[in-house]
Amino acid sequence: MPKLVKDGAIIDDTWTRLDKPEGDAAEVNVPAGQVIVPLSVWQAQREQLQARDDIGVWLDSDESAFDLGDDAKQLPLVAVNLPAFMDGRAFSTARLVRERFGFSGELRAVGSFIRDQMCYLSRCGVNAFRFDDETIDLEKAKQSLQDFTEFYQAGVDQQQPLFRRRA
Amino acid sequence: MYIYDQYDHEILRQRVAQFRDQTERYLAGDLSEAEFLPLRLQNGLYVQRLAPMLRINVPYGMLNSTQLRRLARIARDYDKGYCHVSTRQNIQYNWPALEQVPDILAELAEVEMHGTQSSGNCIRNVTSDQFAGVAPDEVVDPRPYCEIIRQWSSFHPEFAFLPRKFKIAVSGSQMDRAAIQVHDIGLQLVKNGAGAIGFKVLVGGGLGRTPVIGSVIREYLPQEHILTYLEAILRVYNLHGRRDNKYKARIKILVRAMGPENFAEAVEKEWEHLKDAPSTLRDEDIVRAKSYFTEPDYATLDDASAQAQLDQQAGENVPFSKWLMRNVRQHRVAGYASVTLSLKPTGIAPGDLTDAQLERIADLAERFSFGEVRTTHEQNVVLADVRKTDLLELWQAAKEAGFATPNIGTLTDIICCPGGDFCSLANAKSIPIAEAIQRQFTDLDYVYDLGDLDLNISGCMNACGHHHVGHIGVLGVDKKGQEFYQVMLGGNAGNEASLAKVLGPAFEAEQMPGVVQNLVNVYLENRTEEELFIDTYNRIGIAPFKERVYAKAS
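These figures come from a predicted structure and were not determined experimentally.

Here is what the cut-offs are and how they apply
- Residues numbered from 1 in each chain as written.
- Chains lettered and ligands numbered in written order.
- Predicted model: local features only at pLDDT ≥ 70, side-chain atom pairs only at ≥ 80, totals over all residues.
- Heavy atoms only, no water.
- Helix = DSSP H or I, 4+ residues; strand = E, 2+ residues; numbered from the N terminus.
- Buried < 20%, exposed > 50% of the residue type's maximum accessible area, 1.4 Å probe, protein only.
- Areas by Shrake-Rupley, 256 points an atom, 1.4 Å probe, with all protein chains shown as cover.
- Lys, Arg positive; Asp, Glu negative; His and termini not counted.
- Charge placed at Lys NZ, Arg CZ, Asp CG, Glu CD.
- Phe/Tyr/Trp six-rings, centres within 6.5 Å; stacked < 30°, edge-to-face > 60°.
- Lys NZ or Arg CZ within 6 Å of the ring centre and 35° of its normal.
- Expected span 1.5 Å × (residues − 1).
- Polar contact = N/O pair within 3.5 Å; in protein donor to acceptor, adjacent residues only side chain to side chain.
- Contact = heavy atoms within 4.5 Å.
- Pairing = 2+ DSSP bridges.
- Axes fitted to C-alpha atoms, helices over the stretch in contact; angles between N-to-C directions.

With respect to the overall build of chain B
Piece 1. When helices and strands are counted, chain B shows 18 helices and 21 strands.
Piece 2. Considered along the principal axes of its C-alpha atoms, chain B spans approximately 60 × 60 × 55 Å.
Piece 3. The proportion of buried residues among the 554 residues of chain B is 64%.
Piece 4. When the accessible surface of chain B is split by element, carbon and sulfur atoms take 49% of a total near 20,200 Å².
Piece 5. Between the mean site of the 58 positive side-chain charges and the mean site of the 72 negative ones, chain B shows a separation of 5 Å.

With respect to the packing of aromatic side chains
Piece 1. Within the structure shown, the criterion is met by 25 aromatic pairs over all chains.
Piece 2. Aromatic pair F66 of chain A and F101 of chain A: ring centres 5.5 Å apart, planes at 85°, arrangement edge-to-face. On the criterion of sequence distance, the pair formed by F66 of chain A in helix 3 (residues 65-68) and F101 of chain A in the loop between helix 4 (89-100) and strand 7 (106-111) is long-range, its members being 35 residues apart.
Piece 3. Classification of F101 of chain A as buried rests on a relative accessible area of 10%.
Piece 4. Members of the aromatic cluster, each reached through a chain of ring pairs, are Y523, F533, Y537 and F545 of chain B.
Piece 5. Positioned above the aromatic ring of W58 of chain A is the side chain of R17 of chain A, whose terminal nitrogen or guanidinium carbon lies 4.9 Å from the ring centre.
Piece 6. Against the face of F484 of chain B rests K479 of chain B, its NZ or CZ located 5.1 Å from the ring centre.

Overview of helix 6 (residues 226-240) of chain B
Piece 1. In a regular helix each residue adds 1.5 Å, so 15 residues correspond to 21 Å; helix 6 of chain B covers 21 Å between its end C-alpha atoms and thus fits that length.
Piece 2. Of all 15 residues making up helix 6 of chain B, 13 are buried, and the element is well covered by its neighbours.

Remarks on the side chain of D285 of chain B
Piece 1. In this fold, D285 of chain B is placed in helix 9 (residues 283-291).
Piece 2. From its side chain, D285 of chain B meets the backbone nitrogen of R282 of chain B in a polar contact 2.8 Å long.
Piece 3. In contact with D285 of chain B, other than residues within four places in its own chain, are F163 of chain A together with T280 of chain B.

Quick word on the sheet that holds strand 11 (residues 328-330) of chain B
Residues and elements named next belong to chain B.
Piece 1. The strand order across the open sheet formed by 5 strands is 3-14-15-12-11, and the pairing between neighbours is antiparallel. Each edge of the sheet is formed by a strand with only one pairing partner; in this case those strands are strand 3 (62-64) and strand 11. Between one strand and the next, the sheet's axes are offset by a mean angle of 35°, whatever the strand orientation.
Piece 2. One ladder, built from 5 bridges, connects strand 12 (residues 336-341) with strand 15 (residues 381-387); its direction is antiparallel. Note that in strand 15 the partner of L341 across the bridge is V381.
Piece 3. Its contacts with the sheet place helix 11 (residues 318-327) against strand 11 and strand 12, and it is angled at close to 55° to strand 11.

Now the structure itself:
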């Protein structure tokens, strides 16, 4: 089973992620089990999917946290996709999901990010990391979460900026 | 000057360790070229034409003697014995070896310096006025706010992968010497009717291939809200800035596309949610930042007698009097003056400094100016706090070291990027053009008679030489593998910011001194008394210049 880093530990990834549909999102068959659906599928099938407790939603880099909005609160998992690691929109989206919409479940980074971004992503509220590239050494990658242990500015993980904490 | 505490040292130590690991992974093949690129850029490391180039931040231009000596040692031990002052007040090395960059960064960290975010698509070094804290026209000292913003932007987790580079400048004086109208964000410190400090906020200015003057999106923002407001601007930009085309990715394009009013509205809407968050500055936070930028230990001096002595010395010594006229400025404290050391003698690349010169400046700073200097975006160095009674002695010492060329603000104080001699982006050389023009105007009295005249040269449209805001701007262009130079007129970087207009077809390198001479001649023939080049240009327009230059050139 594929692995991911969650809350600093390497665990099995028990979720399946559905690709964006080519055709009508309302027609997509969402299988049983833990499934992360694209935003369009969630929006099209919200009524049915809401009844389940094993549905997560993923936002692409050009999709807004506002499009999911308060729905986030009822989901166990939200994912933000980085189609290319230089596309930094997911960083803002993650913060908005956490801070604006009060999401407290698993916030997962998916896609083509690199381990050197994990520390920053975690400061934006991401607590799970699922690399598209399954050959990545997660033991080593995990160490990047410790690149910095002290920060100047506020983040999701540390709401008090350093200037308020200095002795 | 800001002094690091254990937090700053720890953060920087972790940064150096992180980059050392990244460099090792890259060299071992574990990190691809594409992946390493933004990581090295965010530590100041470019790969250039002849070797890597390392850009070191000089926040708001301030350096002390210890730092200057360390920069000298790095130039000697890791480079070819010199460095370069850039138009963003930074220091650049042109020949470091990639493998040694982590060691250089470790050496810098020891003296509270770094290359953090000096390149890449992130918030760059915050720049300011080189006369901050000493200028007579200052309303509020910008440096404490620059430092607050520097800390906020350093390793900002949300804004390290923006659509494009992002530059902030802060000015606290009536006269803008930080070019805030041509920055992604320009902040003008102001006092409201009640005397409370705040910011006028400009967004979307910039040079590069689409030069734009910034728009005011807020006339007055109380100082305590600066960080949350910046956060709101950056978030709107990060989410909505174009990412499909790097030439259209700067915030100026977004502001234009949305319209400044709509952009301002989007920022205000975002800010509603961020306002009053813990990042709001308390009085004690501002007081703390200000405590690092208190006055040096000025003596109580008799200005009248110091000035009388100076006038006498100037009367007896013509070269000294010329230097006083061009390179020395009024200071707000009685008996003191600010001195600009010129890095523009003819024959030296503008802004270049050798290791020995760095050490000389460190010595001069200790002897004459409380051990501190400032770099300028015009690529010179300032000793901000010199006793008037010491000026003669300083002049003699500066002359000996090659820093006393009395040309500050004149035609030969050319702003010039490294150009095709060093930069892999450049379309044309720029340093030899600067030198040829300097050689055309060697008669100082003639140059003084021309008065203030900004001539800015860029080797490509990325505009590191700020050619759009030169009274005379020169842009290197490539035509079928040959280097040509486009001339522009009418740019201005100060309060009356304006963008230069293209004169006409480009010239060959050999023609450039003659072209500039023609432009100057048209000015001399048309000026009224007291009129500067830019004033004459604004009055008579581009046509007479164009006529003369192309009549002679054809």
